[in-house]
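Structure assessment
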Amino acid sequence: MTERRCPVVVLISGNGSNLQAIMDTSADSAYEVVGVLSNRPDAYGLQRAADAGVPSAIVSHRDHPDRESFEQALMEAIDTWQPRLLVLAGFMRILTASFVTRYQGRILNIHPSLLPAYRGTNTHQRVLDAGETEHGVSVHFVTEELDGGPVICQAAVPVEARDDKDSLARKVAAREHKIYPEAVDWFAQGRLVMRDNAAFLDGERLPEQGVRIPPGPAG
Ligand code: GAR
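A few points on the structure. (Residues numbered from 1 in each chain as written. Predicted model: local features only at pLDDT ≥ 70, side-chain atom pairs only at ≥ 80, totals over all residues. Heavy atoms only, no water.)

A closer look at the sheet that holds strand β4 (residues 85–88)
Keep this limit in mind: Between any two strands, pairing holds if DSSP finds at least two bridges. Each helix corresponds to a stretch of at least 4 residues labelled H or I by DSSP, and each strand to a stretch of at least 2 residues labelled E; elements are numbered beginning at the N terminus. Contacts were defined at the residue level, with two residues in contact if any of their heavy atoms lie within 4.5 Å. Angles shown run from 0 to 180 degrees and are taken between the N-to-C directions of axes, each axis being a line fitted to C-alpha atoms and, for helices, limited to the stretch in contact.
Reading across from one edge, β3-β2-β1-β4-β5-β6-β7-β11 is the order of the eight strands in this open sheet, with mixed pairing throughout. Looking at which strands have only one partner, the edges of the open sheet turn out to be β3 (56–58) and β11 (211–212). Here two bridges tie strand β7 (residues 151–158) to β11, and the two strands are oriented parallel to one another. If you follow Gln154 over to β11, its bridge partner there is Arg212. Along the sheet, helix α1 (residues 17–26) contacts β1 (6–12), β2 (31–38), β4 and β5 (107–111); its crossing angle with β2, the most-contacted strand, is approximately 155°. In the packing of helix α2 (residues 44–52) onto the sheet, contacts are made with β1, β2 and β3, and the angle to β3 comes to roughly 155°.

Let's talk about the environment of Leu11
Heads up, the condition is: Each residue's exposure class comes from its accessible area (1.4 Å probe, protein chains only) as a fraction of the maximum for that residue type: buried when under 20%, exposed when over 50%, partly exposed otherwise.
Within the fold, Leu11 resides in strand β1. Looking at Leu11, the relative accessible area reads 0%, which means it is buried. Residues contacting Leu11, with those up to four places away along its chain left out, are Leu37, Leu74, Ile78, Leu86, Val87, Leu88, Ala89 and Phe91.

Description of the pairing of strand β9 (residues 198–201)
Burial along β9 is two-sided: the residues Ala198 and Phe200 and Ala199 and Leu201 are all buried. Note: strand β8 (residues 192–195) against β9, four bridges, orientation antiparallel. Residue pairing for β9: Met194 is matched across the bridge by Ala199. In sequence, β8 turns back onto β9 through a hairpin of two residues, with Asp196 there showing a positive phi of about 50°. One ladder, built from two bridges, connects β9 with strand β10 (residues 204–205); its direction is antiparallel.

Notes on the packing of α1 against α2
Stated formally: Should an angle lie under 35 degrees it is considered roughly parallel, over 145 roughly antiparallel, and from 65 to 115 roughly perpendicular; all remaining angles are considered oblique. It is the rotation of the near helix from the far one that decides the hand of a crossing: anticlockwise by less than a right angle makes it left-handed, clockwise makes it right-handed. Just so you know the grouping, Ala, Val, Leu, Ile, Met, Phe, Trp, Tyr, Cys and Pro go in nonpolar, Asp, Glu, Lys and Arg go in charged, and all remaining residues, Gly too, go in polar.
α2 packs onto α1 with a crossing angle of 20° between their chain directions and a minimal axis gap of 9 Å. Classed by the angle they form, the pair α1 and α2 counts as roughly parallel. In this structure, the crossing between α1 and α2 has a hand that is right-handed. Facing Ser17, Leu19, Gln20 and Met23 of α1, the residues of α2 in contact are Gly45, Arg48, Ala49 and Ala52. Split into classes, the residues belonging to the contact of α1 with α2 amount to four nonpolar, three polar and one charged.

Structural notes on the sheet that holds β8
The antiparallel open sheet is built from three strands, whose spatial order is β8-β9-β10. The sheet terminates laterally at β8 and β10, the two strands that pair on one side only.

Here you go:
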């Protein structure tokens, strides 16, 4: 590819397995991870970034008296890398309207449920408690509404009698690692945009639950 690939900054708070999948896929994609930001100094994803030779920075919410000053520091760190896209990958801080407005239409998030069901935290246990037979993951644009922005794509997993929250988390994670790099690549190729609070792929307005991505040959 001769033109510059779409510069992406990934925000993490922990393990960073989605970050890993996104970095692993970048060589064959239209995007490039130019920076990784963590709000937690002990996030394992920072090690993953270092191993991949990707620069990283820590902006700890603990070093800031309020959300506004935390986000100001976050924006300054992000803007040194001049990304076209921000990718939230297990980033566990709620972002304010002014942050979201600054990067309007250029922030993606992955959430472990079939949105709009099960917004918020602890989704695997809540799905089990409710006796659901299907669970899954959604990639969506970030708006001011928590876990409420337009959905881009989803992948489902069956909930089986033997599942507990850890087995469900593993199943969901396996699907996350397939669909998130794909959605990032769609954006990087200019195929995916947010307009009028809806997601459009190849010019088509996506339905409320986005594109349903079936399991690949390996599950
Ligand atoms: C992922 O399962 C992601 O869906 C979830 O955190 C995990 C991060 O894993 N995100 C949320 O719950 C956001 N509300 P990772 O650090 O290994 O990528």
